[in-house]
Amino acid sequence: MSSVTYKNVVKKFGDLTIIKNLNIEVEDKEFLVLVGPSGCGKTTALRLLAGLEEITEGEIIIGDRIVNDVAPKDRDIAMVFQSYALYPHLSVYDNLAFGLKLRKTPKAEIIRRVNEAAEILGITDLLERKPRQLSGGQRQRVAVGRAIVREPKVFLFDEPLSNLDAKLRVQMRAEISKLHQRLQTTFIYVTHDQTEAMTMASRIAVINKGNLLQLDTPQNLYDHPNNLFVAGFIGSPAMNFFPAKLTKSGDKVIVETDEFRVQIPEARAASCKAMDGRRIVFGIRPENIHDPEFAPPNIHGEKVTAQVDVTELMGNETLLYLVSGKNTFVGRVDPRSHLRVGSQTQFIFDMDKIHIFDAETEEAVR
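As a starting point, this report considers the structure included with it. (Residues numbered from 1 in each chain as written. Predicted model: local features only at pLDDT ≥ 70, side-chain atom pairs only at ≥ 80, totals over all residues. Heavy atoms only, no water.)

Before going further, it helps to examine the sheet that holds strand β4 (residues 57–62). Spatial ordering of the open sheet is given by β2-β1-β4-β5, a layout of 4 strands whose pairing is antiparallel. One side of each edge strand has no neighbouring strand; the edge strands of this open sheet are β2 (16–26) and β5 (65–66). Strands in contact with helix α1 (residues 42–50) are β1 (4–13), β2 and β4; relative to β1, the strand with the most contacts, it is inclined by about 115°. (Pairing = 2+ DSSP bridges. Helix = DSSP H or I, 4+ residues; strand = E, 2+ residues; numbered from the N terminus. Contact = heavy atoms within 4.5 Å. Axes fitted to C-alpha atoms, helices over the stretch in contact; angles between N-to-C directions.)

Here it is as structure tokens:
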């Protein structure tokens, strides 16, 4: 069993509380990603699991063993850091074998594990090189390989791709996902990059200011964020938000902003009728704002007049930065769109995909 449980975990540094009553159950062989902005407590949560920091309150359980007082070396975990931390004077082979030699692992077993890890990571032909002879991506593979040879119950990754360029990050994301599928071991991965989280995770834990805000699959987080923070953090470009008010007009429910009015579809209106007159935050993702020329059929579309302020032509899509009165927002439209800077038109909002949040509590209105 390589499940991991955070049970009512609290971490304080003096009077400052970094982790506030964290409860997470990581299933055996799961790929869990802890995501959130810098300083939110996600790396501290990982270091508590590794034994590099002491827990103030609560319990951490690996398998069926409480490990609060277990030394890091005896927790049967392996950690990959943001820094490669390779020994510059040792070859790749010796870097991979170093930890095993310290544990007095038999030589034949060291050879087997190192060669197996090198084959998995595609670095067999690099075993005789020194770290200075390797690219950034190759060094990261060696750092991962050093964890693999331990054959631990749990792998911990602390922002391991931050030092790589954009193209290499995409490649390494895929390689780490394939590695998880091959090893069938529990992975816990920390990042501030929500794209990494969305593409790699079985489930994502969104953390902010030491609080766990939502724990769910990537698609559910994207489609059904529990609150304003999760909605704005997950998705790139981020969700557009508009201060607004809900008003009833007969059987209709209207979202009123300072610049436009849009009607909520009947299927969603029922949950909003009790909020007549309440202040809300109206949310819509960029991909649900359409150039009227290319709006998909059979949607509940509402028209909002806006002017194009900036365009970003991406090839497979076009991002339009739009202005409507005091509101600025982003639309991700069909790449065939002819709209350019200065164009003004009535953009189509797909009202089937909107999000509504209570302005006071910032919680989603279902």
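On we go from here.
Bringing α1 into the picture now. Judged by how many residues are buried, α1 sits mostly within the fold: 7 of 9 residues are covered. Those residues of α1 not exposed but buried are Lys42, Thr44, Ala45, Leu46, Leu48, Leu49 and Ala50. Phi turns positive, to about 90°, at Gly51, one or two residues after α1. (Buried < 20%, exposed > 50% of the residue type's maximum accessible area, 1.4 Å probe, protein only.)

This next bit is on the packing of aromatic side chains. Under the counting rule described, the total for this entry stands at 17 aromatic pairs. Ring geometry for Tyr87 against Phe98: centres 4.6 Å apart, planes inclined by 50°, an arrangement best described as tilted. Of the two residues, Tyr87 sits in the loop between β6 (77–80) and α2 (92–102) while Phe98 sits in helix α2, which places them 11 residues apart along the sequence. In this structure Phe98 comes out as partly exposed when scored by relative accessible area, which is 30%. Ring centres 5.0 Å apart and planes at 50° place the aromatic pair Phe155 and Phe187 in the tilted group. You can see Phe155 sitting in strand β7 (residues 154–158) and its partner Phe187 sitting in strand β8 (residues 186–191), a full 32 residues away along the chain. Relative accessible area serves as the criterion here: at 0%, Phe187 is assigned to the buried category. (Phe/Tyr/Trp six-rings, centres within 6.5 Å; stacked < 30°, edge-to-face > 60°.)

In this section: the pattern of salt bridges. As enumerated under the stated definition, the model contains 15 salt bridges in all. Residue Glu109 is joined to Arg113 by a salt bridge in which the shortest nitrogen-to-oxygen separation is 2.9 Å. Placement of both Glu109 and Arg113 in helix α3 (residues 107–121) is noted, with a separation of 4 residues, approximately one turn of the helix. Note on Glu109: relative accessible area 24%, which makes it partly exposed. In this structure, the salt-bridge partner of Glu116 is Arg112, at a minimum N-O distance of 3.4 Å. (Salt bridge = Lys/Arg side-chain N within 4 Å of Asp/Glu carboxyl O.)

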